[in-house]
Protein chains: 2
Amino acid sequence: MAKAGVGEFDLIARIRKRVGPDDSVLLGIGDDAAVLAPTPGLALVATTDSLVVDRHFTTDWDCADIGHLALAVNLSDLAAMGARPRWVLLSLTLPDADQQWLDGFLDGFLALAASHETVLVGGNISSGPLNIGVQLLGEVAPKKFARRRGAQVGDVVAVTGTLGDAAAALSLGSNASPELRQRLYRPLARVEAGRVLAKRVSAMIDISDGLVADLTHLLSTDLGARVELEHLPASNALEAAVPEPHQRWQLQLTGGNDYELLVTLDEQHLEAARASVRPLGLDLARIGRIDATGSLNCRLPDGTQLEMDNGGWDHFKD
Amino acid sequence: MAKAGVGEFDLIARIRKRVGPDDSVLLGIGDDAAVLAPTPGLALVATTDSLVVDRHFTTDWDCADIGHLALAVNLSDLAAMGARPRWVLLSLTLPDADQQWLDGFLDGFLALAASHETVLVGGNISSGPLNIGVQLLGEVAPKKFARRRGAQVGDVVAVTGTLGDAAAALSLGSNASPELRQRLYRPLARVEAGRVLAKRVSAMIDISDGLVADLTHLLSTDLGARVELEHLPASNALEAAVPEPHQRWQLQLTGGNDYELLVTLDEQHLEAARASVRPLGLDLARIGRIDATGSLNCRLPDGTQLEMDNGGWDHFKD
């Protein structure tokens, strides 16, 4: 199963060589577990997300892009809590001990980790069908984290950045512009935005499965929302690539992989929240309002309602 | 890909229903990440290990045994640090949304978690080739954890419990006795033993890949060890099943999946260490000594040295 002479421990040594020491890491890669020094007074935030081939990426992807994405999806989950990422573990199941693939994967993974001051502290490597598991640990003040539940009737619904670029890149394939492709292959988790927004929002989630699916997670049997389609923020690249509004809205509503933050908040906090993310080069677009209908309704500019048959992305429902 | 009507979120709801609240969990299953309250003054210990089908188990395994094993291998890693397990995350990649399989898996997983007062706090589910990732978080006093490096020339090498049962069960298949099969399918992580031993040992590791492979991890270019084969602790079940000593030693030296703890310690602490694990129903058998040879030597009862060609278990070397 392996290339001659290259084994699990060679690969681990290869990873270890690329990770420097860090004051918060009492014991890092190479032991049975990592030992970490949490910041006194902060709560620990833990998430894990896996990438599966042909599901989250395909084998023709650049391995550095896969490394970037594997960490980005986890950073995005921590962003949605308003947490600061600190430490990461990596579980690789690889079909063979391909050092070149691993090196490329690490290029993408470690560069993104470094840009968020996040240290790789451990993990494991097995052989089998390709599966990339990432476990990310972060910290947050115990009463300052955001959650999915918390929206109130009357709250504004808002979203960072722009929606639909990744879905357009996926749909257009090699015809997609570099700007759109960048959003699909090198998504940016809104970690800093999450931290500044957490104290102002009533609920927050990252948009990984599509706006409709993820907004639905903020609702309940009593809590609905109305989204104004004309207010969905689109990039210039998306408007150029998909000029027809209905087609664009479809991508923005149901396409996943945007990794923007979706929030609800009291209208009186909206301007302060917008101002807080502006230094990050981001806008916070108001796209709708929470209501008591118990369902999600999307309104076209002419006031009629969009008929929807697809709640977004469920990993077992194609 | 899915059974009609059953999706990722149905499975998550199914898991969530079986997990109760816990004071240390500020936010559990169902949000973007879990938020946990670490114990002030303790270090955080993090490990992750994956099970791959046909590698760590086969499809004919009982799903509750797979659930048990997935957690046990991670508990064993924390045991080797002397840490107390607290919180666990579960990353499942499943070929289909099989509720019955999941329920059985959870039976084994959650029963073992409960017996170690460990709470399932999050995870993720994807569809793809079966892959079971577990991330375990624990706590330890910052200066009280054990590590792999630390053995000194002259230290005694010792091991908890008995070795070779799981390897014998694997080798004998359906001919293995229930006692041997229990060790393979329901291994017990030596969590309590790890905690009491941590303060007395110079180095500790769990034996997952086989005694030779794991003892080698405690050595270095300057540090070797001699193991006396006649002192390898064997269960009555193993002695009955494999009466021929050479055959038995082979299983004990290179068979993985024992999940006993291998320690080195100053000889003067040996009796106290043995006494400390006795209340747990365990012995700590002295099996050899650390020396300055830089290599691992196994001595037969007649004083000659065993020739070895296999360093144990590497996931990429079959």
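Just so it is clear, the model here is predicted, and its values are computed rather than measured.

(A) Up close: the overall build of chain A. On a plain count of helices and strands, chain A comes out with 10 helices and 12 strands. Principal axes of the C-alpha set define a box for chain A whose edges measure 65 × 50 × 35 Å. Evaluated residue by residue, chain A yields a buried proportion of 59% over its 318 residues. Long-range contacts, defined as pairs at least 24 residues apart, comprise 84% of the intrachain contacts of chain A with a sequence gap of at least 6. Entry remark: accessible area of chain A is about 12,600 Å², with carbon and sulfur atoms responsible for 49%.

(B) Region of the structure containing the pattern of salt bridges. All names here are of chain B. A complete count under the given rule lists 32 salt bridges over all chains for this structure. Asp-65 serves as the salt-bridge partner of Arg-186, at 2.6 Å between the closest nitrogen and oxygen. Residue Arg-186 is found in the loop between helix H5 (178-185) and helix H6 (191-197), and its partner Asp-65 is found in helix H2 (residues 63-79); the two are separated by 121 residues along the sequence. The residue Arg-190 makes a salt bridge to Glu-260 at a minimum N-O spacing of 2.8 Å. Residue Arg-190 is located in the loop between H5 and H6, and its partner Glu-260 is located in the loop between helix H9 (245-254) and strand E10 (261-265); the two are separated by 70 residues in the primary sequence. For the pair Arg-190 and Glu-260, one class covers both residues: buried.

(C) Region of the structure containing the confidence of the model for chain A. All names here are of chain A. For chain A, per-residue confidence averages 93 on the pLDDT scale, and residues scoring 70 or more make up 95% of the total. Low pLDDT (under 50) marks residues 1-5, which in the prediction has 11 contacts with non-local residues, meaning those over four places away or in another chain. Scored as a whole, the predicted complex attains pTM 0.93, and scored at its interfaces, ipTM 0.92.

(D) Up close: helix H5 (residues 178-185) of chain A. Residues and elements named next belong to chain A. Within H5 the residues assigned to the buried category are Leu-180, Arg-183 and Leu-184. The buried residues of H5 all sit within an arc of 100 degrees when viewed along its axis, so they share a single face. On its buried face, H5 is in contact with helix H2 (63-79), helix H4 (165-172) and helix H8 (236-241).

(E) Layout of the packing of H4 of chain A against H5 of chain A. All names here are of chain A. Two numbers describe how H4 lies on H5: the axes approach to 7 Å, and their chain directions differ by 105 degrees. Here H5 runs roughly perpendicular to H4, going by the angle between their axes. Listed contacts from H5 to Asp-165, Ala-166, Ala-168, Ala-169, Leu-170 and Leu-172 of H4 are Leu-180, Arg-181, Arg-183 and Leu-184. By residue class, the composition of the contact of H4 with H5 is seven nonpolar, no polar and three charged.

(F) Summary view of the nonpolar core. All names here are of chain B. Ranked by size, the top nonpolar core spans 76 residues in total, and within it Leu-71, Leu-90, Phe-105, Phe-109, Ile-132 and Leu-197 carry the most contacts. For this core, the element with the most residues is H2, which contributes 10 residues. Dropping the residues within four chain positions of it, Phe-105 is found in contact with Cys-63, Ala-64, Ile-66, Gly-67, Ala-70, Leu-90, Leu-92 and Ile-132.

Calculation rules
Every chain is numbered on its own, with residues counted from 1 as its sequence reads. Lettering for chains starts from A, numbering for ligands starts from 1, and both go in the order in which the items are written. At least 70 in pLDDT is required for a residue's local features to be given in this predicted model, at least 80 for side-chain atom pairs to be given and counted, and no such filter applies to totals for whole chains, interfaces and linings, which use all residues. Only hydrogens and water are set aside when side-chain values are computed; all heavy atoms of the structure are taken into account. For the purposes of this entry, the term helix denotes a DSSP run of H or I that reaches at least four residues, the term strand denotes a run of E that reaches at least two, and both are numbered from the N terminus. Only protein chains enter the accessibility calculation, which uses a 1.4 Å probe; a residue whose area is less than 20% of its type maximum is buried, one above 50% is exposed, and one in between is partly exposed. Contact definition: two residues touch when any of their heavy atoms are within 4.5 Å. Computed by Shrake-Rupley with a 1.4 Å probe, the accessible areas treat only the displayed protein chains as cover when residues are assessed. A side-chain nitrogen of Lys or Arg and a carboxyl oxygen of Asp or Glu constitute a salt bridge if their distance falls within 4 Å. Known as pLDDT, the predictor's confidence for each residue is given on a scale from 0 to 100. Directions drawn from the helix axis to the C-beta atoms are what define this arc. Angular values range over 0 to 180 degrees, each being the angle between N-to-C directions of two axes fitted as lines to C-alpha atoms, with helices fitted over their stretch in contact. Each angle is binned into one of four classes, with values under 35 degrees roughly parallel, values over 145 roughly antiparallel, values of 65 to 115 roughly perpendicular, and all other values oblique. Here the term charged refers only to Asp, Glu, Lys and Arg, the term nonpolar to Ala, Val, Leu, Ile, Met, Phe, Trp, Tyr, Cys and Pro, and the term polar to all other amino acids, Gly among them. In these notes, a set of buried Ala, Val, Leu, Ile, Met, Phe, Trp, Tyr and Cys residues joined through side-chain atoms within 4.5 Å is what counts as a nonpolar core.

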